Amino acid sequence: MAKPPTAAGKPLAPAKAKPRASTKAKPAKPKRQTSLLGPFIFTTILVLLAVTAMPICILLIAGMIPTITAYAVDQTERRMLTLTVGALNLAGVVPFCMQLWFSADPMQGLTQLITQPWVWMVMYMAAGIGWLLHFGMPVAVAIVLEQSLDVRKSKYVSIQKRLKEEWGDDVALVTVPEE
Amino acid sequence: MAAAAKKLEGPVSSVRLRDRWEILPNIPLADLHSPTAQAYAVEDHRTTGQSYFALIADPKYPPRGAALNLVKMVRLPHVLTPVEFGPVDWTPDGRRCLAIIFERPAGGRLLASCEQTITPWSEAEVAERILSGLLPGIRALDTEGVPHRGIRPDNIFFRDAARRQTTLGDCVTQSPGRHQPAAYETIESAMAMPWARSAGTVADDLYALGVLCLYLLSGRPPGGDLAEEALIDEKIKRGSFAVLAGDTRLSIAMAELCRGLLIDDVDERWTFKELEHWLEGRRLTPKPIVLAPRATRAFEVAGEQCFSIRMIARALARAAEQAAHIVQGPALPNWLQRSLDDKAAAISLTKAVGDGDGPSSGGAAHDARMVARAAMSLDPLAPIRYRGLSVAVDGFGGALVTALNGGGGSVKLLVELLLARLPQFWLRMQGSLRPEHQGLSRSYDRLCRTLEDRRPGFGLERLIYELNPALHCLSPLVENRFVYGLADLLPALELAVVGGAIENHPVDRHIAAFVAHSSKKFDETVLTAIGHIDPAIKVAGMLHLLGQLQVEHGPDKLPALTQLFGRHAQILINRFHNRRTRERLGEELTAVLRDGSLVRLLQFLDDSKERQEDSTYYARARANYAIAAKAIERCEADRQRIPEEAATTASVIAAGISMVFSVLATVGSFLLYGHF
């Protein structure tokens, strides 16, 4: 049987070609680039720190556990969750690290710090704020964008309303010109 | 006119024409009636000593326009001459009619009827009272190029009370030869339907004069008791003189006169020259009557035995269906060659049958056209005969009007005949084309195009006015107002609107055709507009048409007609797109309508500059609306992408804020705990 012609007068493509086309069209999932450079640098710093300042290294590892968790959870390419949580977590840990660095007996200082709960609360709450910031920020941005779009649309709607008032409803009965 | 007689019983006021003549409907003059016009007494407001009478023309029959104007202009002494004419409010009929004022012949009519038996006149009386009396009139008409075409006993009058001086009767209220009995018409003219006869020539008038002389000399109607068709057949077979004279005993001189005037061959028939010689007493060698060649063996057409070509043509025209088989078969050409030895006629017949649309097309109309062509090829001088119609080549005007009024014939068949280009074929059959025939051929080509054009102002209606230049407007809206010229149209329409006869559109196809025919400077786009499907364009076209008439012919004020257009004004106002313009026009309309001027209304509602600007700005507004719509569409598309876009942007912002805090905390801590 002859294939039905399309609007352009050409026969339609066979139906079986469709699934293949859709498979083709589906974008391939990007493979995660596993780089050893980051962990290597991180391990090197940690080893150096362990050799030179063991108490600071211990506090850093213990305090940055939320960041390590975020790193494990965040599977995105740009690792924005890790960055957000890590930066604020670091902001919570760095004051205590500085305190140990400039103290006379860092090990004793470490003992005093890890026995106080508010130290843990500061370090982990800073990380928590990072988590909140990462998940709360899209909502705020969406609200701002919606507002901006509404303002823009209302400008065009008012133009159309004014044209209808002046020329009647027929002014709308036109084909939208190609740009 | 019958209605007129009925209404005359009551008191009827007089009717005035041109502020001079008072026509008295209460005083009909039966002895001066014409077949299609009633005669009435007239009072002249100027004292000229002359007595007048009026003929009120029956509106169903158009007058001979050119003849009417010409005869009035030149004032011929031996012809009943119109002194004045024009439409009048003919109160007995409750309508307007054409009134024609004539000088009243004191001696009355020669005879009341063409059929009555009378005491034969003497030869001297015929020569003196008829020939000497009528010949100057016939000659004068011939000089003006208007044959009388109505010479018969009941249309001859005496100018003096003593009934000595004869004058030719009315020749303007009827189409040429319309009321002539077949005896008074030549064979060719008698074969045409009476209302479709040719304008003819002076030769036709001289023939009728010959018959009139024969009648007066014999005292009996020429042709005896023969019916018209039988009389024509006999004329063809035996010649006009032999049939009409019958057994009448004529003197040699009178026989010479009548034979000379009744010769059927127009080229051999007596002219003024021979008549004058005869009147001077010079006797001429009698011309032998030459009859058409007669075959030894008859050719049968539908049971009719025919011995001459003309009889065959006539029988074919009557035979209808059988004729189609005969003209297509070989028998007739063979008979023409063998029995009549007329090879040229056989060839002409074969060509005529093969002319036009091919034989394969079939159908009754095709057969009828073929038979008509065959008859024309056999008898080129005879009228065009088609499906029972018989029309002279220049007699279509009368034929159409009569068919339209239901007086005889069929409009449909006449249209078929014209569209089949049979008149052009007839002209081609005349051998060498005379100048007037060339003009006629071009006219018929133009008329065919007009007929095929379906727009208002063209088609059949236009054809009627083109073929009858003196016809009044036949539109049902104004027919009873007898609109004879363009100047009469707007007042007639105004009265029709006032009288409630027009409630919607004041222009129909007849009015459009009448104006298009009568107006010299006319824009055809107006006609296209009137036929447009869009009611606004249609109304605008009508307003343009009538506005143009008001500019050219007035009157200045047409309040009812303007108000009528006012009812349609809203659709014209709605053509403007701008609402403010519409509101302004709506507010000002009342004041414009109050002016009663179609021209002003036209300028107000159809100002081309304002409409142009409106269209330009409207187009711009539509483009702007479309752009805004596109932008709104884009906004909605952007809204769909907000969650994705917000997520991307927000993560970056969050990371940035975190890093700022991180740096601040580091620097702050360093400053706080460092011993600087």
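So, the overall build of chain B
Phase 1: Broken down by element type, chain B carries 28 helices and 13 strands.
Phase 2: The C-alpha radius of gyration computed for chain B amounts to 38 Å, which surpasses the reference 26 Å derived for 676 residues by more than 25%, pointing to a less compact arrangement than a globule.
Phase 3: C-alpha atoms of chain B, sized along the principal axes, occupy 170 × 75 × 40 Å.
Phase 4: Buried positions account for 44% of the 676 residues belonging to chain B.
Phase 5: The contacts of chain B with a sequence gap of at least 6 include a subset with a gap of at least 24, amounting to 64%.

Here we look at the domain arrangement of chain B
The accessible area lost on association of the parts is a frequent measure of interface size.
Phase 1: Taken domain by domain, chain B consists of domain 1 (2–104), domain 2 (109–279), domain 3 (293–382), domain 4 (385–452) and domain 5 (478–606).
Phase 2: Distance from the C-alpha centre of domain 2 of chain B to the C-alpha centre of domain 5 of chain B: 52 Å.

Here we look at the packing of helix α20 (residues 486–498) of chain B against helix α23 (residues 535–553) of chain B
Residue and element names in this part refer to chain B.
Phase 1: Axis separation between α20 and α23 bottoms out at 9 Å; the angle between their running directions is 120°. For the element pair α20 / α23, the angle class is oblique. The handedness of the crossing between α20 and α23 comes out as left-handed. Side by side, α20 and α23 meet where Leu-486, Ala-487, Leu-489 and Leu-490 of the first sit next to Leu-546, Leu-549, Gln-550 and His-553 of the second.
Phase 2: Its residues placed into classes, the contact of α20 with α23 shows 6 nonpolar, 2 polar and no charged.

Describing the interface of chain A and chain B
Phase 1: Taken together, the contacts link 38 residues of chain A with 43 residues of chain B.
Phase 2: Per-element accounting of the side of chain A that touches chain B gives the leading share, 19 residues, to helix α7 (residues 117–167) of chain A.
Phase 3: Residue composition of the side of chain A that touches chain B, grouped by class: 27 nonpolar, 6 polar and 5 charged.

Looking at the packing of α7 of chain A against helix α28 (residues 608–673) of chain B
Phase 1: Two elements in contact, α7 of chain A and α28 of chain B, have axes whose closest approach is 6 Å; the angle formed by their N-to-C orientations is 170°. Considering the angle they form, α7 of chain A stands roughly antiparallel to α28 of chain B.
Phase 2: Per-class residue counts for the contact of α7 of chain A with α28 of chain B are 28 nonpolar, 7 polar and 7 charged.

What about the nonpolar core?
Phase 1: Counting 178 residues, the largest nonpolar core has Ala-54 and Leu-316 of chain B as the members making the most contacts within it.
Phase 2: Per-element tally for this core: the top contributor is helix α5 (residues 202–218) of chain B, with 12 residues.
Phase 3: Excluding residues within four positions of it along the chain, Ala-54 of chain B makes contact with Ile-23, Ala-39, Tyr-40, Val-42, Ala-99, Ile-100 and Ile-101 of chain B.
Phase 4: Residues Ile-56, Leu-60, Phe-96 and Met-98 of chain A belong to the second largest nonpolar core, which totals 34 residues.

A few points about the sheet that holds strand β1 (residues 15–17) of chain B
Residues and elements named next belong to chain B.
Phase 1: With antiparallel pairing, the 6 strands of this open sheet are ordered in space as β1-β2-β3-β4-β6-β5. Strand pairing shows two members of the sheet lacking a second neighbour, β1 and β5 (82–90), which therefore form its edges. This sheet shows a mean twist of 35° between the axes of neighbouring strands, independent of strand direction.
Phase 2: As defined by bridge partners, β1 adjoins strand β2 (residues 21–28) across 3 bridges and the pair is classed as antiparallel. Residue Val-15 lies in a different strand from β2, and its bridge partner there is Ile-23.

Side note on helix α13 (residues 343–354) of chain B
Residue and element names in this part refer to chain B.
Phase 1: Given a rise of 1.5 Å per residue, 12 residues ought to cover 16 Å, and the 17 Å separating the end C-alpha atoms of α13 matches this to within 8%.
Phase 2: The set of residues buried in α13 consists of Ala-345, Ala-346, Leu-349, Ala-352 and Val-353. The buried residues of α13 all sit within an arc of 130° when viewed along its axis, so they share a single face. Exposed and oriented more than 90 degrees from the buried face of α13 are Lys-343, Ala-344, Lys-351 and Gly-354.

Reading the values: rules and limits
- Residues numbered from 1 in each chain as written.
- Chains lettered and ligands numbered in written order.
- Predicted model: local features only at pLDDT ≥ 70, side-chain atom pairs only at ≥ 80, totals over all residues.
- Helix = DSSP H or I, 4+ residues; strand = E, 2+ residues; numbered from the N terminus.
- Rg over C-alpha atoms; globule rule 2.2 N^0.38 Å.
- Buried ≥ 20, exposed ≤ 12 C-beta atoms within 10 Å, placed from the backbone.
- Contact = placed C-beta atoms within 7 Å.
- Domains from an automatic or database assignment.
- Axes fitted to C-alpha atoms, helices over the stretch in contact; angles between N-to-C directions.
- Parallel < 35°, antiparallel > 145°, perpendicular 65-115°, else oblique.
- Left-handed = near helix turned anticlockwise from the far one by under 90°.
- Nonpolar A, V, L, I, M, F, W, Y, C, P; charged D, E, K, R; others polar.
- Core = buried A, V, L, I, M, F, W, Y, C linked by C-beta atoms within 7 Å.
- Pairing = 2+ DSSP bridges.
- Expected span 1.5 Å × (residues − 1).
- Arc of directions from axis to C-beta.

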